[in-house]
Amino acid sequence: MNNAASDDGFVVFDRVQKSYDGETLVVKDLNLSIGKGEFLTMLGPSGSGKTTCLMMLAGFETATNGEIRLDGQNINMVPPHKRGIGMVFQNYALFPHMTVGENLAFPLEVRGMGKDERETKVKRALDMVQMGSFIHRRPAQLSGGQQQRIALARALVFDPELVLMDEPLGALDKQLREHMQFEIKHLHESLGITVVYVTHDQGEALTMSDRVAVFNDGRIQQLAPPDELYERPQNSFVAQFIGENNKLPGRVETLNGDTCTVRLETGEIIDATAVNIREAGQETLVSIRPERVEFKPEMMPSGAHTINADVLEVIYMGDILRTRMKVAGSPEFVMKSRNTLDQVRLTEGQTVKIGWHPQDARALDL
Amino acid sequence: MSDATMDASLNGPEPTQLKTADGLPLKAALAKSQLRAKRRAFLLVAPLFLFVLITFVVPIGQMLLQSVYNDGFSKNAPALGQWFNEHPLGSPIDESAYTALASDLKQMKENRTQGEAGTRINYDVAGTRSLFTSTARKIERLEPPWKESILGVNEGWSDPNLWRAMRSASSPYTVDFYLAATDHTRDKDNNIVPVDPQRAIYGKLFIRTAILSLVITVLCMFLAFPIAHLLASLPLAKSNLLMIFVLLPFWTSLLVRTTSWMVLLQQQGVINDLLVWSGLIGNDNRLEMMYNQTGTIVAMTHILLPFMVLPLYSVMRTIPPSYVRAARSLGATSWTAFRRIYLPQTLPGIGAGALLVFILSVGYYITPALVGGADGQLISNMIAFHMQKSLNWSLAAALASMLLGGVIILYWLYDRLVGIDNMKLG
């Protein structure tokens, strides 16, 4: 994996800062290196600076400070049309007065390509997204998913090495979105292009990316492959933002290398992995994924601390059972258990002892 | 039971006529159920309908009729009308004709309508109104033979062209006013011939009106495009402020705006003073920017500009900036992106604005009347002249109808080329 500070990346953000009004920074000291052929997702809530970063890379915004390099070249001063970066927009931005074929031919035409070559390339790009028969349609005559494919084909037709995607699936319904996720992923793999993908949908980020950069407040909070991001969040924002998460506030009681014990506000002691804990006595927020919570003693590691939980509600969700319980004073603690044949079903009002593997409880900073 | 009825209705002799549960035809039942709502809707629009009918449809119909119908002569000269019916064109103007003329002139004198009849003939043959009034005054004292005595009063009655004009006017329906409006007339044998080039004014005026309107439309287009683009791309608070400046002329009286242009443009006006003061021109050769076409063009461009800005703005506002961005990211220079992507999408706005400005300026009256001088007069000023000064309403109606026809043709052309559905007026 590329190191964020290294210079050998295909796309490099080097100490990039961006301000619109000269008073606040939208992007604060961004250092990011994206390898050739990588699928990198910028994930974050709206206003976190991820789209600004993408627009700076595309050339529609200028960096206030710092350098953006593409293939070793500083592109700060290169206008968008000379960057040769393919881009898929949120609302597709297919030219409504042109047919699908003309839309795809446009980037080739402005590059002065001959008619025959254009036709071959357009046809190839359309076949790539299985839209070959739609060449004479207008964008308005296509469904959202079809427009999405055309937008994708248009961004790829001139063989760019880098393709940017700005929430391209946001306007599609859930099923189509999941289908398109796999298609984009397959295109990325078969073409060997570098993709920078912006989304606020964490599911999308986890399924598609090689690495995910989680943005918040103008900074990258964590840059990691999806599994690492999900299982080993570095701070409470990432833990909170990616997937569902139970948080238990408390104070570090003992610190022993990587593991620690935390005394919750209500007095109970739990086991946790120390992630960014410096010393005993520090305030902390312990994060536990709902599917890693156990209530059957035989499933817990021996010697683990357990804690009392009052079952408040059991929601049947088909593949899983979602149990909301009151733990350490908080009524928002959630446990997810697989709906298997031999699963024990809890009932409302029942009190059980729950526990977890210390690895799954991560003591983070506040 | 229900199965049986369903079968019957499905396999019945008239499968297309559906019926309600009570056996009524479905269509009749639907109409009945909607009758109340329809009646109420009609009552709501009835005032507007009546208003439009009375103030718009009827006057325009009247105008169209007026352009081909004028009974000023025919209703006052029944005897001559009969004579013209009995004697085809080319018959000698003999005693019988003068007898009919004398009888009609007596009638006119009694009814005091010799002026009305004379005016109608005067439209066709200039200077003949006095012939009617002077002869009618003396008709009581005249004796047969009529030809001799009437010619004795005025030799002018022997003019064959006058008799041709009277024959033509003896029918109230005529296309003569359209001939006049297109600079044509009839010779004494009733052939359509162009008028003397020195008196041919309407054709030139129509052409000038079209050219000036086109110039104004093009000027408005070039001036409005950047403003509209700015309005559409600025943040809302700023664009609202700018919009007020665009609309400000709308809230000012037309007369005030035109007069302020007079203050600016006249030879002793602000612009000339500034130019002289700055030494760009000498005091002796101050620019003539008013009472000519320049004045008309400048003032009308200013007045009609909002009609171009508003449709353009409403179209541009709906074009997301991502289109131009997409074009740029695909490798187009900013000029190519503008020309190939942005401009084509503003066409409905340009079309609507151009059509609006052109149609308005073709019929514009007050501004050219005030700042146009002789050179900057448009066809509507001529229509006003015939309405108010020469009182030849039929000719005015013919000119106005031609203008209306031209505008309708333009509208039809626009519909064919761009489509009225694509027009966005704001």
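- Chain B goes by ABC transporter permease in an unreviewed UniProt entry, where it is assigned to Thioclava sediminum.
- Per UniProt, chain B carries the Sequence similarities (unreviewed entry) text "Belongs to the binding-protein-dependent transport system permease family. CysTW subfamily."

- As annotated in an unreviewed UniProt entry, chain A carries the name Spermidine/putrescine import ATP-binding protein PotA and is attributed to Thioclava sediminum.
- Turning to chain A, the UniProt record has this under Sequence similarities (unreviewed entry): "Belongs to the ABC transporter superfamily. Spermidine/putrescine importer (TC 3.A.1.11.1) family."

A word on the domain arrangement of chain B
Residue and element names in this part refer to chain B.
So, step 1. Split into domains, chain B comes out as domain 1 (2-68), domain 2 (78-199) and domain 3 (202-422).
So, step 2. Each of domain 2 and domain 3 has a C-alpha centre, and these two points are 47 Å apart.
So, step 3. Listed by partner, the interface residues are 7 residues for domain 2 and 8 residues for domain 3.
So, step 4. Among the elements that take part in the side of domain 2 that touches domain 3, helix α9 (residues 176-181) stands out by supplying 4 residues, more than any other.
So, step 5. Residues that form the side of domain 2 that touches domain 3 fall into these classes: 5 nonpolar, 1 polar and 1 charged.

As for unusual backbone geometry
All names here are of chain B.
So, step 1. Put simply, proline 144 and proline 145 share a cis peptide bond, and its omega is 0°.
So, step 2. Examined against the element boundaries, proline 145 turns out to sit in the loop between α6 (129-138) and α7 (146-153).
So, step 3. Of note in the backbone geometry, leucine 391 takes a positive phi value of approximately 55° without being a glycine.
So, step 4. Along the chain, leucine 391 falls in the loop between α18 (379-388) and α19 (393-417).

Some points on the confidence of the model for chain B
All names here are of chain B.
So, step 1. Mean pLDDT for chain B: 86, with 95% of residues reaching 70 or above.
So, step 2. Element-level pLDDT for chain B is lowest in helix α1 (residues 2-11), with a mean of 45, against a maximum mean of 93 in helix α10 (residues 202-233).
So, step 3. The ipTM assigned to the predicted complex is 0.80, against a pTM of 0.77.

A word on the pairing of strand β10 (residues 219-224) of chain A
So, step 1. Across 5 bridges, the pairing between strand β9 (residues 211-216) of chain A and β10 of chain A is antiparallel. Residue pairing across strands places alanine 213 of chain A opposite leucine 223 of chain A, the latter belonging to β10 of chain A.

With respect to the UniProt feature "domain: ABC transmembrane type-1" (unreviewed entry) in chain B
So, step 1. Residues annotated in UniProt with the feature "domain: ABC transmembrane type-1" (unreviewed entry) correspond here to residues 206-414 of chain B.
So, step 2. Spanning residues 206-414 of chain B, this segment combines 78% helix with 0% strand, and its end C-alpha atoms are found 20 Å apart.

Notes on helix α11 (residues 236-251) of chain B
Residues spaced three or four apart along an α-helix face the same direction, because each turn holds 3.6 residues.
Residue and element names in this part refer to chain B.
So, step 1. With 16 residues, α11 should reach 22 Å at 1.5 Å per residue; the first-to-last C-alpha distance of 21 Å fits that figure.
So, step 2. The largest bend in α11 comes to about 30°, at phenylalanine 245, with the proline proline 249 one to four residues further on.
So, step 3. Within α11, only 0 of the 16 residues are buried, leaving the element largely exposed.

Examining the domain arrangement of chain A
Residues and elements named next belong to chain A.
So, step 1. What the domain assignment reports for chain A is domain 1 (11-236) and domain 2 (244-364).
So, step 2. When each unit is reduced to the centre of its C-alpha atoms, the spacing between domain 1 and domain 2 is 39 Å.
So, step 3. Taken together, the contact pairs 4 residues of domain 1 with 6 residues of domain 2.
So, step 4. Classifying every residue of the side of domain 1 that touches domain 2 by side-chain character gives 1 nonpolar, 3 polar and no charged.

Some details on the sheet that holds strand β13 (residues 269-274) of chain A
All names here are of chain A.
So, step 1. With mixed pairing, 5 strands are arranged side by side around a closed barrel as β11-β12-β13-β19-β14. Each strand of the sheet is rotated relative to its neighbour by a mean of 50°, with strand direction disregarded.
So, step 2. Taken together, the 6 bridges between strand β11 (residues 246-256) and strand β12 (residues 259-264) define a ladder with antiparallel strand orientation. From the neighbouring strand, glycine 250 faces β12, where its bridge partner is leucine 264.

What to know about the packing of helix α2 (residues 100-109) of chain A against helix α3 (residues 115-128) of chain A
All names here are of chain A.
So, step 1. Where α2 contacts α3, the two axes come as close as 9 Å, and the packing angle between them is 125°. In this view, α2 runs oblique relative to α3, as classed from their interaxial angle. Where α2 crosses over α3, the two elements pack in a sense that is right-handed. In contact with Gly101, Leu104, Ala105, Leu108 and Glu109 of α2, α3 contributes Arg118, Lys121, Val122, Ala125 and Leu126.

Concerning the sheet that holds strand β7 (residues 162-166) of chain A
The strands that make up a sheet are held in pairs by hydrogen bonds between backbone atoms, and each pair lies either parallel or antiparallel.
Residues and elements named next belong to chain A.
So, step 1. The strand order across the open sheet built from 6 strands is β6-β7-β8-β3-β9-β10, with neighbouring strands paired in mixed fashion. Lying at the two open borders of the sheet, with one neighbouring strand each, are β6 (86-88) and β10. Adjacent strand axes in the sheet meet at a mean angle of 15°, parallel and antiparallel pairs treated alike.
So, step 2. Bridging between strand β3 (residues 39-43) and strand β8 (residues 194-199) involves 5 bridges; their strand directions are parallel.

Structural notes on the UniProt feature "domain: ABC transporter" (unreviewed entry) in chain A
So, step 1. With numbering aligned to this structure, UniProt lists the feature "domain: ABC transporter" (unreviewed entry) at residues 11-242 of chain A.
So, step 2. Split by type, residues 11-242 of chain A is 36% helix and 24% strand. Its first and last C-alpha atoms lie 25 Å apart.

Regarding the UniProt feature "transmembrane region" (unreviewed entry) in chain B
Residues and elements named next belong to chain B.
So, step 1. Here, the residues flagged by UniProt with the feature "transmembrane region" (unreviewed entry) are residues 41-65, 205-228, 240-264, 297-315, 349-371 and 391-414.
So, step 2. With 92% helix and 0% strand, residues 240-264 has its two end C-alpha atoms placed 28 Å apart.
So, step 3. Within the segment residues 297-315, helix and strand shares are 100% and 0% respectively, and the terminal C-alpha atoms sit 26 Å apart.

Some thoughts on the packing of helix α15 (residues 322-329) of chain B against helix α16 (residues 334-362) of chain B
All names here are of chain B.
So, step 1. α16 packs onto α15 with a crossing angle of 130° between their chain directions and a minimal axis gap of 9 Å. What the angle tells us is that α15 and α16 run oblique. The handedness of the crossing between α15 and α16 comes out as right-handed. Every residue of α16 that contacts α15 at Tyr323, Val324, Ala327 and Arg328 is listed here: Ser334, Ala337, Arg340, Ile341 and Tyr342.
So, step 2. Each residue belonging to the contact of α15 with α16 can be placed in one class, and the counts come to 6 nonpolar, 1 polar and 2 charged.

Here we look at the interface of chain B and chain A
One frequent convention defines the size of an interface as the accessible area lost when the parts assemble.
So, step 1. With 15 residues of chain B in contact, the opposing surface of chain A contributes 18 residues.
So, step 2. Contributions of two or more residues to the side of chain B that touches chain A are made by α15 and α16 of chain B.
So, step 3. Sort the elements by how many residues they give to the side of chain B that touches chain A and α15 of chain B lands first, with 6 residues.
So, step 4. For the side of chain B that touches chain A, the per-class residue count stands at 7 nonpolar, 6 polar and 2 charged.

Cut-off values and rules
- Residues numbered from 1 in each chain as written.
- Chains lettered and ligands numbered in written order.
- Predicted model: local features only at pLDDT ≥ 70, side-chain atom pairs only at ≥ 80, totals over all residues.
- UniProt positions renumbered as here; feature names shortened; annotations may be inferred.
- Domains from an automatic or database assignment.
- Contact = placed C-beta atoms within 7 Å.
- Helix = DSSP H or I, 4+ residues; strand = E, 2+ residues; numbered from the N terminus.
- Nonpolar A, V, L, I, M, F, W, Y, C, P; charged D, E, K, R; others polar.
- pLDDT = per-residue confidence, 0-100.
- Pairing = 2+ DSSP bridges.
- Expected span 1.5 Å × (residues − 1).
- Bend = angle between axes of the 7 residues up to and from the residue.
- Buried ≥ 20, exposed ≤ 12 C-beta atoms within 10 Å, placed from the backbone.
- Axes fitted to C-alpha atoms, helices over the stretch in contact; angles between N-to-C directions.
- Parallel < 35°, antiparallel > 145°, perpendicular 65-115°, else oblique.
- Left-handed = near helix turned anticlockwise from the far one by under 90°.

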